[in-house]
Amino acid sequence: MSEKALATGSTCPPLKGNTLRLYSMRFCPYAERTRLVLAHYNIPHEVVNVNLKQKPEWFLEKNPLGLVPVLEQGDNIIYESAICDEYLDEVYGKQSLLTSEPFERARQKILGERFNKVISPFYSLLRQSGDLNEAVNSLHKALDVFEELLTGKFFGGNTVGLVDYHMWPWFERFPLLSGLSGADILPANRFPKLNAWVAHMKALPAVKTAEISTELHGKFIEKHLKNEIPDYDIGMA
Amino acid sequence: MVDTKMSERCLRQGSILAPATFDLLRLYSMRFCPFAQRTRLVLAHKNIPHEVVNVDLKYKPTWFLEMAPYGLVPVIEYKGKVIYESSICDEFLEESFPEPRLLPSCPFEKAKSKLLMHDYDKNLVQSFYKLLSRDPEKRAKGLMSIAEKLQQYDSILKRQKTSFFQGDTCGMVDFHFWPWFERFPSMTQLTGIEILTSSSHPSLRKWIRNMENLEAVKKTKYPIEWYTEFTMSLAQREPNYDIGLQAEAKL
């Protein structure tokens, strides 16, 4: 199956039998969360990449919001990254990423919710809207919270948890952000624990499978930032 | 005898909080908050023993902000731990007190329920408050968006032929939706807008009657006038969270 992103006017590849399919976009951080969970559990699946600026009509029938990730299997369709990932964790992982213990599940979900406070300034900085120093400051302040909250090897505890995978895609893009802004996004002296966590994450097989190089992220985002149609297939053979 | 009406008064900045009992679930709430009402509905329906501490959301106590950084209700304190965010609280209750079941056990159906609830928050809830806008264009947009959703929900119930969104017994989706439907008559009092006319959406109106018959709904509902008075107090920037409670006895 070709990974090239399907656009308006394309035909939706037929879904065979009980195959689990992920609709994705190679550079989307939200879809990356689901790709990480799929890789973590080695769940057999196929990927259909979607052109998010020129969306295929059939895609909007699957998810009226027109966003990735979307999971499809038989007649079943699920979207929203958190809902997809909790579903995969339950069906394929016996809830070992999010655990089955209610307090611990709530703790991880709350952390995931709080991470939105990092994602917002991340995009402000990426879009280079407003004062640069202020944007870096906001991001650093938001990250201070997570530096403090990290008490173990992972946010999930001694082993990786769902919340770690939920946060990872933005940390993967921090070097890109540092390059674009000229600021050190995750200075080691201010964020020693987070830097250690990044190293632990990068060693995980799922992260190695799913991650994309800073260079490629840079090439992709260039067009986005100029409001041109991005090359969703950039970097593919 | 404990004057239960007194303890419903909201605690504001400067107030002292009695420590929670480890094994008794405590809900931090506000009597007119629809998000906290979802949690109160779940607590009532599952008959979970609990106590309620109402919080002044304009003059928030420092202890409240320390426990819940967003400073919003609902917040659950239980066995020394604190949980916040409405959906996270409700899912926690479902997992900790599994009977009666409020979410489907089938993972895909559960995911579908979560999607329905997520969509509700993004659309109907957002549009509901637009009805209070001074801008007539915003109000019209809000009403159109709500009408679209009501049509969709009516179709779902019609297609399923069930008494509730979850099935023949009520579930999380039903409780998730309910607080705004309960406030529709109040919105009519405030704006003159009829959100659900007496002739439209027959399946949805049947659902409303089914909901009104639930014990949990009866336990948590307030008179329409109180919602109206509360919203007006909000508009005047001096929210009265204690509407309907007996006046404090003068010492």
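Coordinates for the structure precede this section.
Not measured: the values here are computed from a predicted model.

(A) Structural detail: the sheet that holds strand S3 (residues 70-73) of chain A. Residue and element names in this part refer to chain A. With mixed pairing, four strands are arranged side by side in an open sheet as S2-S1-S3-S4. Of all the strands in the sheet, the pair left with one neighbour each is strand S2 (46-49) and strand S4 (76-79). Shown here is a sheet whose adjacent strand axes are inclined to one another by a mean of 20°, direction ignored. In this sheet, S2 lies alongside strand S1 (residues 21-24) in parallel orientation, the contact comprising four bridges. Bridging across to S2, tyrosine 23 finds its partner in valine 48. In the packing of helix H3 (residues 81-93) onto the sheet, contacts are made with S3 and S4, and the angle to S4 comes to roughly 125°.

(B) Structural context of the packing of helix H7 (residues 162-172) of chain A against helix H9 (residues 192-202) of chain A. All names here are of chain A. Two elements in contact, H7 and H9, have axes whose closest approach is 11 Å; the angle formed by their N-to-C orientations is 100°. Comparing their axes, H9 and H7 come out roughly perpendicular. Each of Asp164, Tyr165, Met167, Trp168 and Phe171 in H7 lies in contact with H9, whose residues at this interface are Leu194, Trp197, Val198, Met201 and Lys202. Its residues placed into classes, the contact of H7 with H9 shows eight nonpolar, no polar and two charged.

(C) Geometry of the nonpolar core. Of all hydrophobic cores here, the largest spans 78 residues; its most connected members are Phe171(A) and Trp197(A). If you tally residues by element for this core, the top one is H7(A), at seven residues. The contacts of Phe171(A), once residues within four sequence positions are left out, are Phe115(A), Leu143(A), Leu186(A), Leu194(A), Trp197(A) and Val198(A). Counting 73 residues, the second-largest nonpolar core is a separate cluster that includes Phe64(B), Phe184(B), Trp207(B) and Tyr241(B).

(D) Examining the sheet that holds strand S2 (residues 50-54) of chain B more closely. As summarised here, the arrangement of the four strands in space is S2-S1-S3-S4 (chain B), forming an open sheet in which the pairing is mixed. Strands with a single pairing partner mark the edges of an open sheet, and in this sheet they are S2 and strand S4 (81-84) of chain B. The average angle at which neighbouring strand axes cross in this sheet is 20°, direction not considered. Summarising the sheet, strand S3 (residues 75-78) of chain B and S4(B) pair through four bridges and their orientation is antiparallel. In the strand pairing of S4(B), Val75(B) is matched with Tyr84(B). Along the sheet, helix H4 (residues 102-114) of chain A contacts S3 and S4 of chain B; its crossing angle with S4(B), the most-contacted strand, is approximately 50°. Across the sheet, helix H4 (residues 86-96) of chain B lies against strand S1 (25-29), S3 and S4 of chain B, angled at about 125° from S4(B), the strand it touches most.

(E) Summary view of the pairing of S1(A). Residues and elements named next belong to chain A. Going residue by residue along S1, you find Arg21 and Tyr23 tucked away on one face and Leu22 and Ser24 tucked away on the opposite face as well. Two strands pair when backbone bridges link them, and S1 and S3 are joined in this way by three bridges, in the antiparallel orientation. By the bridge assignment, leucine 22 is partnered in S3 with leucine 71.

(F) Focus on the interface of chain B and chain A. Taken residue by residue, the interface counts 22 residues in chain B and 19 residues in chain A. Taken together, the two surfaces of chain B and chain A that pack against each other cover about 2,000 Å², and 69% of this comes from carbon and sulfur. Applying the counting rule to chain B against chain A returns five salt bridges. Between Arg105(A) and Glu95(B) there is a salt bridge whose closest N-O contact spans 3.0 Å. Inspection of the chain B/chain A interface yields six residue pairs in polar contact (both at pLDDT 80 or more).

(G) Region of interest: the packing of aromatic side chains. Under the counting rule described, the total for this entry stands at 44 aromatic pairs over all chains. Judged by centre distance (5.9 Å) and plane angle (50°), the ring pair of Tyr23(A) and Trp58(A) falls under tilted. Of this pair, Tyr23(A) sits in strand S1 while Trp58(A) is found in helix H2 (residues 57-62), placing the two residues 35 residues apart along the sequence. Looking at Tyr23(A), the relative accessible area reads 0%, which means it is buried. Seen in terms of ring centroids, Phe32(B) and Tyr227(B) are 6.1 Å apart; in terms of plane orientation they differ by 80°. Their pairing is edge-to-face. Taken together, the residues span a long stretch of sequence, with Phe32(B) in the loop between S1 and helix H2 (34-45) and Tyr227(B) in helix H10 (residues 224-235) at a distance of 195 residues. Taking the relative accessible area as the measure of exposure, Tyr227(B) reaches 2% and is therefore buried. Members of the aromatic cluster, each reached through a chain of ring pairs, are Phe35(B), Tyr120(B), Phe128(B), Tyr129(B), Tyr153(B), Phe165(B), Phe177(B), Trp178(B), Trp180(B), Phe181(B), Phe184(B) and Trp207(B). Above the plane of the ring of Tyr222(B) lies Arg31(B), whose end atom (NZ or CZ) is 5.0 Å from the centre.

(H) Fine view of the pairing of S1(B). Residue and element names in this part refer to chain B. For S1, the tally of buried residues reaches five of five residues, placing the bulk of the element in the interior. Taking every second residue as pointing to the same face, both faces of S1 are buried, with Leu25, Leu27 and Ser29 on one and Arg26 and Tyr28 on the other. Strand direction decides the pairing type here: S1 and S2, joined by five bridges, are parallel. In the sheet register, arginine 26 faces S2, and the bridge partner there is glutamate 51. On the question of chirality, the crossover connecting S1 to the parallel S2 by way of H2 is right-handed. For S1 and S3, the ladder comprises three bridges, and the chain directions are antiparallel.

(I) How the structure looks around the packing of helix H5 (residues 116-126) of chain A against helix H6 (residues 132-149) of chain A. Residue and element names in this part refer to chain A. The interhelical angle for the contact between H5 and H6, taken along N-to-C directions, is 160°, at an axis separation of 9 Å. It follows from the interaxial angle that H5 and H6 lie roughly antiparallel. The chirality of how H5 crosses H6 is left-handed. Residues Lys117, Val118, Pro121, Phe122 and Leu125 of H5 touch H6, and the partners they reach there are Leu132, Ala135, Val136, Ser138, Leu139, Ala142, Leu143 and Phe146. Across the contact of H5 with H6, the residue classes tally to 11 nonpolar, one polar and one charged.

Definitions and limits used
Residues numbered from 1 in each chain as written. Chains lettered and ligands numbered in written order. Predicted model: local features only at pLDDT ≥ 70, side-chain atom pairs only at ≥ 80, totals over all residues. Heavy atoms only, no water. Pairing = 2+ DSSP bridges. Helix = DSSP H or I, 4+ residues; strand = E, 2+ residues; numbered from the N terminus. Axes fitted to C-alpha atoms, helices over the stretch in contact; angles between N-to-C directions. Contact = heavy atoms within 4.5 Å. Parallel < 35°, antiparallel > 145°, perpendicular 65-115°, else oblique. Nonpolar A, V, L, I, M, F, W, Y, C, P; charged D, E, K, R; others polar. Core = buried A, V, L, I, M, F, W, Y, C linked by side-chain atoms within 4.5 Å. Buried < 20%, exposed > 50% of the residue type's maximum accessible area, 1.4 Å probe, protein only. Buried area = accessible area lost by both parts, 1.4 Å probe. Salt bridge = Lys/Arg side-chain N within 4 Å of Asp/Glu carboxyl O. Polar contact = N/O pair within 3.5 Å; in protein donor to acceptor, adjacent residues only side chain to side chain. Phe/Tyr/Trp six-rings, centres within 6.5 Å; stacked < 30°, edge-to-face > 60°. Lys NZ or Arg CZ within 6 Å of the ring centre and 35° of its normal. Right-handed = clockwise from strand over helix to strand, strands pointing away. Left-handed = near helix turned anticlockwise from the far one by under 90°.

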